[in-house]
Structure formats: structure tokens, C-alpha cells
Amino acid sequence: MKHNFSGGTYYSLPQSVIGGKIGTGFEVNPVGDAKTRLEYRKMFGTTEGFLAAERSMPFQQVGPDVTGVNGLKAGINRKF
């Protein structure tokens, strides 16, 4: 059976600095990719905004042109 393995943590920032929270995360999947992530999250009423930088890197190099992928994501989460 194949499963992903993931984890992470968050640290709440003091309101005097900027408020919100910063976090890190990682994920390893059975295909052989590893992802790392650094993000900032902040509540705006009932809506949470986030900004995240993510890096995905293959474990096995299948060719000379295989490299990792960097990404920057931003968005909002809202519960109904």
C-alpha cells in the first residue's frame, strides 16, 4: 500500500509584530517527490488569507533536465 507522509507546524506571531502565524510543512509521496513549504496566515474576520512559498524536488533524477519546481501561492480560506 502506498501513502503520503506529511507534517508541519505553526507559530503564532505577537500582535505587536504583525499578528497571524507562520508555518512550515513537508510532504513525501510514493512517486518519489518531496515538497517543502513556508507560509504566512492571518485572519480577517471569518476569512483567512495566506501566502506560501513551496518547493517540489524529485528524489530520483530520471534525466539531466529534471529539476525542482518553485512556486508562490496566495489565497483565502472561508468556512461557511
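This is a predicted model, so every value here is computed, not measured.

J.: What exactly am I supposed to notice about the sheet that holds strand 4 (residues 47-58) here?
T.: Hydrogen bonding along the main chain pairs the strands of a sheet, whether they run parallel or antiparallel. One open sheet holds the five strands; their spatial order is 1-2-3-4-5, and the pairing between them is antiparallel. Only two strands of the sheet have a single neighbouring strand rather than two, namely strand 1 (5-12) and strand 5 (69-78). If you compare each strand with its neighbour and ignore which way they point, the axes differ by 15° on average. Taken together, the 12 bridges between strand 3 (residues 33-44) and strand 4 define a ladder with antiparallel strand orientation. If you follow leucine 38 over to strand 4, its bridge partner there is alanine 53.

J.: How do you make sense of the side chain of serine 56 when you look at a structure like this?
T.: Tracing the backbone shows serine 56 in strand 4. The contacts of serine 56, once residues within four sequence positions are left out, are Asp33, Ala34, Lys35, Gly68 and Val69.

So, how was this worked out
- Residues numbered from 1 in each chain as written.
- Predicted model: local features only at pLDDT ≥ 70, side-chain atom pairs only at ≥ 80, totals over all residues.
- Heavy atoms only, no water.
- Pairing = 2+ DSSP bridges.
- Helix = DSSP H or I, 4+ residues; strand = E, 2+ residues; numbered from the N terminus.
- Axes fitted to C-alpha atoms, helices over the stretch in contact; angles between N-to-C directions.
- Contact = heavy atoms within 4.5 Å.

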